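# A structural walkthrough
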Amino acid sequence: SFYVCFLGVCGGEFSILRSPQSVVFRDGSWPIPGERIPDVAALTMGFSVEEDLPWPGLGVGDLFHRPQATVLVTVKGVDKLPVKGFSYPIENAVPFSLDSVANAIHTLFSEEMPVVLQLAPSEERVYMVGKANTVFEDLSVTLRQLRNRLFQDSSILSSLPLNSLSRNNEVDLLFLSELQVLHDIASLLSRHKHLAKDHSPDLYSLELSGLEEVGKRYGEDSQQFKDASQILVDSLQKFADEMFNLYGGNAVVEVVVVKEFNSPLSRKTRSILQASQSKKENPYNLAYPYNYDYSVIFNIVLWMMIGLALAVIVISYNLWNMDPGYDSIIYRMTNQKIRMD
């Protein structure tokens with residue numbers, strides 16, 4: 001199965017395009033820390049996280065019906081995109097990845113071969129695991145493949161209104177090739193609809209930077225950038241609807257849009273400052289009051305001790321009430337002379 005989580009980084013905006021009834025997002029302007037976006041994806045899929053997430057935007061939902069697919073799309077180079085759905089501002093927009101979510105899927109569903117696809121077309125970064133290796137083996141992942149795919153008969157160039165964008169400009173073609181990847185993912189998945197009906201959740205993480213390159217090439221006030229932004233919004237919404245429908249409505253579609261990520265250096269500095277503050281707040285170096293494995297360990301120890309205690313009681317009772325004159329079969333079969341001695 002596939003849990004679609006469409007994350008759009010809008011220079012500080014996190015948007016929910018589609019979600020099933022089992023996942024509850026509340027309408028509000030609560031900021032979400034950029035480094036906690038993977039935790040939102042994990043929690044919506046029913047996985048636990050190491051640190052509690054006190055963010056009001058995500059409700060409890062139905063714990064027994066989790067989404068079957070997550071698609072995270074990161075769009076760089078713009079502050080905001082006019083997408084439909086709930087939107088939340090992002091604070092501390094640091095680089096993030098869904099590696100922790102992918103590892104959780106591998107650990108819990110290793111035998112069922114879930115689909116895991118992480119792709120950054122413009123940087124030629126691709127990571128496919130499980131059934132994704134067979135489903136998306138024909139997906140264009142290199143710049144040469146992307147360019148060739150655009151000029152095939154079934155490409156989006158035949159149906160997409162380019163407006164001020166050009167077929168002859170490399171920057172424009174890079175942007176359009178990323179949209180082609182979105183189209184091809186949904187198209188290839190539609191040929192393997194059985195994957196949306198299995199019991200293992202799937203994960204898709206896509207990073208799009210073509211719009212950022214268009215802005216650098218023409219300027220953010222140019223007609224090309226405006227046209228590209230509108231085309232991207234329409235393509236994202238269409239992609240979200242297709243993925244949502246392929247999984248029978250059991251998918252969350254989120255979008256994260258970010259102008260630019262904060263540098264890792266500033267993030268490291270922040271973490272050091274946070275550590276120094278925590279020392280002042282906890283001068284006695286006390287342990288954390290709760291561990292997520294506590295309830296599991298407690299139940300194991302509790303019921304094992306109860307079982308052992310009951311076993312000792314039953315055995316002791318039977319030993320105490322044994323008939324001393326009752327001869328076992330071994331004692332009765334021994335020689336009578338020995339017995340008389």
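All residue numbers refer to positions counted from 1 along the written sequence of the respective chain. With the structure being a predicted model, the display of local features is reserved for residues of pLDDT at least 70 and the display and counting of side-chain atom pairs for 80 or more, all residues being used for whole-chain, interface and lining totals. Only hydrogens and water are removed before side-chain values are computed, so all heavy atoms of the structure are retained for them.

## Focus on the overall build of the protein chain
Looking only at helices and strands, the protein chain has 11 helices and nine strands in total. For the protein chain, the share of sequence-separated contacts (at least 6 apart) that also reach a separation of at least 24 residues comes to 79%. Computed by Shrake-Rupley with a 1.4 Å probe, the accessible areas treat only the displayed protein chains as cover when residues are assessed. Surface exposure of the protein chain reaches about 19600 Å², of which carbon and sulfur atoms provide 56%. Secondary structure counts use DSSP, requiring at least four H or I residues in a row for a helix and at least two E residues in a row for a strand, with both numbered from the N terminus. Here, residues are in contact when the closest pair of their heavy atoms is within 4.5 Å.

## Digging into empty space enclosed by the protein
Any empty space left between the atoms is revealed when a probe the size of a water molecule rolls over them. In the cavity and pocket records, a cavity denotes points on a 1 Å grid over the protein atoms alone where a 1.4 Å probe fits but cannot get out, a pocket denotes an open set with protein on both sides within 12 Å along at least 5 of 7 lines, and lining residues are residues with an atom within 4 Å of a point. Grid points are joined across faces, edges and corners, and a volume is the space filled by probe spheres set on the points. A full pass over the atoms with the stated rule returns one cavity of 30 Å³ or more. Roughly 30 Å³ of volume is contained in the largest cavity. Val75, Phe175, Glu178, Leu179, Leu208, Gly210, Leu211 and Leu232 together form the lining of the largest cavity. Taken together, the elements giving at least two residues each to the lining of the largest cavity come down to helix H5 (170-190) and helix H6 (210-218). Element by element, the count of residues in the lining of the largest cavity is highest for H5, at three residues. Put simply, Ala, Val, Leu, Ile, Met, Phe, Trp, Tyr, Cys and Pro go in the nonpolar bin, Asp, Glu, Lys and Arg in the charged bin, and everything else, Gly too, in the polar bin. Here the lining of the largest cavity is composed, by residue class, of six nonpolar, one polar and one charged.

## Digging into the environment of arginine 191
Within the fold, arginine 191 resides in the loop between H5 and strand E8 (202-208). The buried label goes to any residue with under 20% of its type's maximum accessible area, the exposed label to any with over 50%, and the partly exposed label to all in between, with areas taken from a 1.4 Å probe on protein chains only. Assessed through its relative accessible area of 60%, arginine 191 is described here as exposed. Spatially, the C-alpha atoms of arginine 191 and valine 135 are 8.6 Å apart, while their sequence positions differ by 56 residues.

## A word on the nonpolar core
The biggest cluster of nonpolar side chains holds 57 residues, and the ones touching the most others in it are Val75, Leu81, Phe136, Phe175, Ile185 and Tyr204. Once residues within four sequence positions are removed from consideration, phenylalanine 136 is found in contact with Val115, Leu117, Met128, Ile185, Leu188, Leu189 and Tyr204. What makes a nonpolar core is a set of buried Ala, Val, Leu, Ile, Met, Phe, Trp, Tyr and Cys residues whose side-chain atoms join them at distances within 4.5 Å. Grouped together as the second largest cluster of nonpolar side chains are 30 residues, Val40, Met45, Val116 and Val252 included.

## A closer look at the pairing of E8
Summarising burial for E8: seven of the seven residues are buried, a large majority. The alternating pattern of E8 places Asp202, Tyr204, Leu206 and Leu208 and Leu203, Ser205 and Glu207 on opposite faces, both of which are buried. With seven bridges connecting them, strand E4 (residues 69-76) and E8 associate as parallel partners. Within the sheet, the bridge partner assigned to valine 73 lies in E8 and is leucine 206. Sheet topology places strand E6 (residues 116-120) next to E8; four bridges connect them, and they run parallel. The partner of leucine 117 across the bridge, within E8, is tyrosine 204. Two strands qualify as a pair provided DSSP detects at least 2 bridges between them.

## Comments concerning a nonpolar patch on the surface
A surface patch of nonpolar side chains, about 730 Å² in accessible area, is lined by Tyr294, Phe298, Leu302, Trp303, Ile306, Leu310 and Ile313. Locating tryptophan 303 in the fold gives a position in helix H9 (residues 294-320). Residues qualify for a patch when their relative accessible area is over 30% and they have no salt bridge, like charges being joined within 9 Å and the nonpolar side chains of Val, Leu, Ile, Met, Phe, Trp and Tyr within 5 Å. One side-chain nitrogen of Lys or Arg within 4 Å of one carboxyl oxygen of Asp or Glu is enough to make a salt bridge.

## Some words on the side chain of serine 22
Inspection of the secondary structure puts serine 22 in the loop between strand E2 (13-18) and strand E3 (32-33). Once residues within four sequence positions are removed from consideration, serine 22 is found in contact with Gly61, Asp62, His65, Arg66, Pro67 and Asn250.

## Observations concerning H6
Burial in H6 covers these residues: Gly210, Leu211, Glu212, Val214 and Gly215. Those residues of H6 that are buried lie in contact with E4, H5, E8 and helix H7 (223-246). Phi turns positive, to about 95°, at glycine 219, one or two residues after H6.

## Details of a negative patch on the surface
Just so you know, the count uses Lys and Arg for positive and Asp and Glu for negative, and it drops His and the chain ends. A charge is said to be at NZ when it belongs to Lys, at CZ for Arg, at CG for Asp and at CD for Glu. On the surface, a cluster of negative charge is made up of Glu35, Glu50, Glu51, Asp52 and Glu91. Looking at where glutamate 35 falls in the secondary structure, it is placed in the loop between E3 and helix H1 (37-44).

## So, the packing of H6 against H7
Axis geometry follows a simple rule: fit a line to the C-alpha atoms, using only the stretch in contact for helices, then measure angles between N-to-C directions, giving values from 0 to 180 degrees. Here H6 crosses H7 at 170°, and the two axes come no closer than 9 Å. Here H7 runs roughly antiparallel to H6, going by the angle between their axes. For the pair H6 and H7, contact is made by Leu211, Val214, Gly215 and Tyr218 and by Gln224, Phe225, Ala228, Ser229 and Leu232, respectively. Taken together, the residues of the contact of H6 with H7 break down into six nonpolar, three polar and no charged. By definition in this entry, angles of less than 35 degrees are roughly parallel, angles greater than 145 are roughly antiparallel, angles of 65 to 115 are roughly perpendicular, and the rest are oblique.

## Quick word on unusual backbone geometry
Although it is not a glycine, asparagine 92 sits at a positive phi angle of roughly 60°. Within the element layout of this structure, asparagine 92 appears in the loop between strand E5 (86-91) and helix H2 (99-108). Positive phi outside glycine occurs at glutamate 124, with the angle close to 55°. Considering the arrangement of structural elements, one finds glutamate 124 in the loop between E6 and strand E7 (125-129).

## Some remarks on the side chain of aspartate 172
As for its position among the elements, aspartate 172 is in helix H5. Summary of buried charges: aspartate 172 has no salt-bridge partner, and the nearest side chain of opposite charge, arginine 217, is 6.7 Å away.

## A short note on the packing of aromatic side chains
A ring pair, where both rings are aromatic, is described by two values, the distance of the centres and the angle of the planes. Any Phe, Tyr or Trp ring, taking Trp's six-membered ring, that has another such ring centre within 6.5 Å forms a pair; planes under 30 degrees apart are called stacked, those over 60 apart edge-to-face, and the others tilted. Under the criterion given, the structure shown has five aromatic pairs. Each residue in the set Phe14, Trp55 and Tyr88 is aromatic and connected to the rest through ring pairs, giving one cluster. Criterion for a charge above a ring: Arg CZ or Lys NZ at most 6 Å from the ring centre, at most 35 degrees from the ring normal. Seen from the ring of phenylalanine 244, arginine 18 lies directly overhead, with NZ or CZ sitting 4.0 Å from the centre. Sitting over the face of the ring of tyrosine 218, arginine 217 holds its NZ or CZ atom 5.0 Å from the ring centroid.

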